[in-house]
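Chain by chain, the residues:
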Amino acid sequence: MFSSNMKETVVLPFHLPSLEQGWSPQILLSSHPVVTLFVTAVVIYVAHAWSTSNSSLKKLPHANPYNILNRAKVKWDFLFSANTLMRSAAERFPNQPYRMLSEYGDVVVLPTEWADEIRNDPHLSFMGTFLQEGMYRIPGFEPIAALGLEGELVQLITRKQLTKQLNGVTAPLAEEAALAMILNFGESTEWREIQIIDPIRDVVARMSSRVFLGDELCRDENWLRITKNYTIDLSAAIVTLMRYPVSLRRHVARFYPECARVRDHWKDARDVIVPVIEKREAVRRAAAEAGKPIPRFNDALDWIDDESRAKGVSVDVATFQLILTVVAINTTTDLVQNVLVDLIQHPDALQAVRHEIVRVLKVEGWKKTSIYNMKLLDSVIKESQRLKPIFSGAMRRAVEADTALSDGTLLKKGSRLYVDTRRMTDPKVYANPEEWQADRFLQMRSQPGKDTAAQLVTTSIDHLGWGHGLHACPGRFFAANEVKIALIHMLMKYDWKLAPDTDIKPLSVGFSQRSNPHTKVVFRRRETVEFDIDSV
């Protein structure tokens, strides 16, 4: 207690550690866990409520309303039932925006039909969402920071340089895929069981690295290990950190091993890439001093250097290289697995795709045009993407200036919005929408005015698999070719079955949907093939 002359000792109802001990979280928790946990909970709640509050959203109906007592539970439920919540909200609030408590706080969800209205709005930024999430400040997450801060450069490199190279990279991609098949699936004609996601990830990593880094690094096992592990651990770290308020994420990251691994992978990636960059600079200097033409390497390292110089900005080339690799591995691996699983369940469609591959490659060989002319394969991939898009909330945007929608809804600066993808399974748009139909988009091509819309790389409000508008996936043209080439090799060289009782249901966390990492398949090398695709 306190005395009037302040000479008596102050007696507290709990013990605090001395200054000599230090006041680390571990010591405070062991000294008085109830007080520490209570204060921590209050700080977390206040920080989260402050960082995500936006009065402009209050007028919109709420899909998952909450109060001060159940906010944490409602947010947790969202993470594992976002799809159900969105279906319910679309029925309760038809053709109007609504708000939803997500891992980022309150966000606005727009009906699919509104996608065209916002698709090219300059005040709505996809790249800005990375800054909103607060993870760009975390050591090892520098590629996320570059996406947010230099996103336009990433899009420019992908649209201008990568897409331009499509005709020249088809044969190299096929060559790398052939090697990746042997390394991951072997030559045995005996049935074997595997968890499919890891070998697919390796196939995609090798193919992507062939284009991004050329012969010098694409078969460097250390680089491949780093990029695959960085992709895995970054995804795991993001899911972990989503549970915390944005303002606290960079602080709690230091306590999680997956975040530590992300830091290590990023440092390792720089250790591999920086010497390559320095070696190239030395070669260029030597050529210039000798009066010889400056050598070109025509890969992503060159593209990043060219475009950053043209824009007059200084960038970390190693970080940008990691961005391109991670984005390519993540989304492409997911799509290849989904398509393979769908084809295994529809053997007639699988065989029809094989016939198309043989017919086209026999005549045209490995060219960009031959890949384009595999129109059934194109339809198959688009159909799998329609039923299992990587996001149930597409076209995520950060509102960077106050923006009024056509119905009068005001989106205040700092808000965040998504577009519902329910139109992709709307019976008014697609007949038997829940049914996987291999030739759905092949048939659509024959309808007047729909030939372009039916193609895999085309975006529209009816199919948001690649997003839509100004921020539609800029790498989709390359990704589409890469997916097709990987599948061509897998389907032509191997027989496939699903392992008994394996789980193929996609995993959903918040607005994100991913192929099931636990899916197992049974496969064998085909003894007799219709055509040797490696001889083309």
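Procedures and definitions
Residues numbered from 1 in each chain as written. Predicted model: local features only at pLDDT ≥ 70, side-chain atom pairs only at ≥ 80, totals over all residues. Heavy atoms only, no water. Helix = DSSP H or I, 4+ residues; strand = E, 2+ residues; numbered from the N terminus. Buried < 20%, exposed > 50% of the residue type's maximum accessible area, 1.4 Å probe, protein only. Contact = heavy atoms within 4.5 Å. Areas by Shrake-Rupley, 256 points an atom, 1.4 Å probe, with all protein chains shown as cover. pLDDT = per-residue confidence, 0-100. Phe/Tyr/Trp six-rings, centres within 6.5 Å; stacked < 30°, edge-to-face > 60°. Lys NZ or Arg CZ within 6 Å of the ring centre and 35° of its normal. Axes fitted to C-alpha atoms, helices over the stretch in contact; angles between N-to-C directions. Parallel < 35°, antiparallel > 145°, perpendicular 65-115°, else oblique. Left-handed = near helix turned anticlockwise from the far one by under 90°. Nonpolar A, V, L, I, M, F, W, Y, C, P; charged D, E, K, R; others polar. Pairing = 2+ DSSP bridges. Core = buried A, V, L, I, M, F, W, Y, C linked by side-chain atoms within 4.5 Å. Polar contact = N/O pair within 3.5 Å; in protein donor to acceptor, adjacent residues only side chain to side chain. Expected span 1.5 Å × (residues − 1). Bend = angle between axes of the 7 residues up to and from the residue.

Trainee: Lay out the overall build of the protein with the relevant residues and their values.
Mentor: A tally of regular secondary structure across the protein gives 19 helices and 12 strands. Looking at the protein as a whole, 53% of its 536 residues qualify as buried. Summarising the internal contacts of the protein: among those between residues at least 6 apart in sequence, 73% fall at separations of at least 24. Of the accessible surface of the protein, which amounts to about 24700 Å², a share of 56% is contributed by carbon and sulfur atoms.

Trainee: Could you give me a rundown of the confidence of the model for the protein, with the residues and numbers involved?
Mentor: Overall, the predicted model of the protein reaches an average pLDDT of 87, with 89% of residues at or above 70. Segment residues 1–25: pLDDT under 50, and 20 contacts once partners within four positions in sequence are set aside and those in other chains are kept.

Trainee: Describe the packing of aromatic side chains, naming the residues involved and giving the relevant values.
Mentor: The way to describe two aromatic rings as a pair is by their centre distance and the angle between their planes. On inspection of all chains with the given rule, the structure shows 14 aromatic pairs. Cluster of aromatic residues (ring-pair linked, three or more members): Phe185, Tyr494, Trp496 and Phe523. One Lys or Arg, arginine 386, reaches over the ring of tyrosine 430 and ends 4.9 Å from the middle of that ring. The ring of phenylalanine 391 has arginine 514 lying over it, and the distance from NZ or CZ to the ring centre is 5.4 Å.

Trainee: Could you give an account of the packing of helix α9 (residues 197–217) against helix α19 (residues 476–493), with specific residues and numbers?
Mentor: Contact geometry for α9 and α19: axes closest at 11 Å, N-to-C directions at 130°. As the angle between them shows, α9 and α19 are arranged oblique. The handedness of the crossing between α9 and α19 comes out as right-handed. Residues Ile200, Val203, Val204, Met207, Ser208, Val211 and Phe212 of α9 pack against Phe478, Glu482, Ile485, Ala486 and Met490 of α19. Residue composition of the contact of α9 with α19, by class: 10 nonpolar, 1 polar and 1 charged.

Trainee: Got a sec to walk through the sheet that holds strand β4 (residues 192–195)? Specific residues and values, please.
Mentor: In space, the 3 strands of this open sheet follow the order β4-β12-β9, with antiparallel pairing throughout. Only two strands of the sheet have a single partner each, and these edge strands are β4 and β9 (494–498). For this sheet, the mean inter-axis angle between neighbouring strands, taken without regard to orientation, is 35°. In this sheet, strand β12 (residues 520–525) lies alongside β4 in antiparallel orientation, the contact comprising 4 bridges. Note on β12: the bridge partner recorded for glutamate 193 is valine 522.

Trainee: Quick rundown of the pairing of strand β5 (residues 393–399)? Include the residues and the values.
Mentor: The two faces of a sheet get side chains in turn, since along a regular strand they alternate between them. When you tally the buried positions in β5, you get 7 out of 7 residues, the bulk of the element. Two elements, strand β3 (residues 124–125) and β5, share 2 bridges in a ladder whose sense is antiparallel. The residue of β5 that forms the bridge with leucine 124 is valine 399. Relative to strand β8 (residues 416–420), β5 is paired through 4 bridges, and the arrangement is antiparallel. Counterpart to arginine 397 in the pairing with β8 is leucine 417.

Trainee: So, the nonpolar core: which residues are in play, and what are the values?
Mentor: Among the nonpolar cores identified, the biggest contains 117 residues, and Met100, Ile488 and Trp496 are the most heavily contacted of them. Leaving out residues up to four positions away in the same chain, methionine 100 has contacts with His62, Ala63, Asn64, Phe78, Leu85, Met86, Gly105, Asp106, Val107, Val109 and Phe511. One finds Leu110, Ala115, Ala394 and Leu417 within the second-largest nonpolar core, a separate group that totals 18 residues.

Trainee: Just give me the short version of the side chain of histidine 468, but keep the residues and values in it.
Mentor: Mapped onto the fold, histidine 468 is located in the loop between α18 (440–445) and α19. Polar contacts involving the side chain of histidine 468 include one to the side chain of aspartate 116, which spans 2.8 Å.

Trainee: Lay out helix α3 (residues 71–92) with the relevant residues and their values.
Mentor: With 22 residues, α3 extends only 21 Å from end C-alpha to end C-alpha; this falls clearly short of the ideal 32 Å at 1.5 Å per step. Approximately 90° is the largest bend angle found in α3, and it occurs at serine 81. Listed in full, the buried residues belonging to α3 are Arg71, Val74, Lys75, Phe78, Leu79, Ala82, Leu85, Met86, Ala89 and Ala90.

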